Amino acid sequence: MATVPQRFELLLVAGFTEEHEGPPWAENALRSAVVEATGDTGASGYPRYAGNGMEADIDPETRTVEALLIDGEELDYGMTVRVVAVPQGQTPA
């Protein structure tokens, strides 16, 4: 069984285009947050991550956000979140 990542960086961006190649950059995000595993499972059945005003249920295998709250509110239409792995022992740039 694969190890569940303990932290991710979430990048809130306006929309998403398929033409965007490569990983998203924090500089292009409207907001970013490093979230850490809480040890809980969310209503979606996936691990819960929280930090810096963001709380998300994330499928660690696909990096799909199954549920997301930002400052306790749901995500507005037209906004999307990208997930970037943060290797153990590193902090994002």
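Just so it is clear, the structure is predicted and the values come from calculations on it, not from any experiment.

So what exactly am I meant to see when it comes to the nonpolar core here?
Taken as a class, soluble globular proteins show a tendency for nonpolar side chains to be buried jointly. Residues Phe8, Leu10, Val35, Met54, Ile58 and Leu68 are the most contacted members of the largest nonpolar core, which totals 13 residues. Elements represented by at least two residues in this core include exactly strand E1 (7-14), strand E2 (31-41), strand E4 (54-59), strand E5 (64-70) and strand E6 (79-85). Not counting chain neighbours up to four residues away, the residues in contact with Val35 comprise Gln6, Arg7, Phe8, Leu10, Tyr49, Ala50, Gly51, Met54 and Ile58.

Got a minute to help me understand the pattern of salt bridges in this structure?
Two side chains bearing opposite charge may form a pair once their charged atoms approach each other closely. Going through the model one piece at a time under the given rule, you end up with 4 salt bridges. For Arg31, the salt bridge is made with Asp71, and the minimal N-O distance between the two is 2.7 Å. Of this pair, Arg31 sits in strand E2 while Asp71 sits in the loop between E5 and E6, and the two are 40 residues apart along the sequence. A salt bridge links Arg48 to Glu55, with the shortest nitrogen-to-oxygen separation between them at 2.7 Å. One connected set of salt bridges, linked through shared partners, spans Arg48, Glu55 and Asp57.

Parameters at a glance
- Positions within a chain are numbered from 1, following the residues in the order the chain's sequence is written.
- Reporting of local features is limited, given that this is a predicted model, to residues whose pLDDT is at least 70; pairs of side-chain atoms are given and counted only at 80 or more, and all residues count toward the totals for whole chains, interfaces and linings.
- Side-chain numbers here rest on the full set of heavy atoms in the structure, without hydrogens or water.
- Residues belong to a common nonpolar core when they are buried Ala, Val, Leu, Ile, Met, Phe, Trp, Tyr or Cys residues joined through side-chain atoms within 4.5 Å.
- Only protein chains enter the calculation, and the probe is 1.4 Å; a residue is then buried if its accessible area is under 20% of its type maximum, exposed if over 50%, and partly exposed in between.
- Secondary structure elements are taken from DSSP: a helix is a run of H or I of four residues or more, a strand is a run of E of two residues or more, and numbering for both begins at the N terminus.
- Note on contacts: a residue pair qualifies if any of its non-hydrogen atoms lie within 4.5 Å across the two residues.
- For salt bridges, the criterion is a side-chain nitrogen of Lys or Arg within 4 Å of an Asp or Glu carboxyl oxygen.

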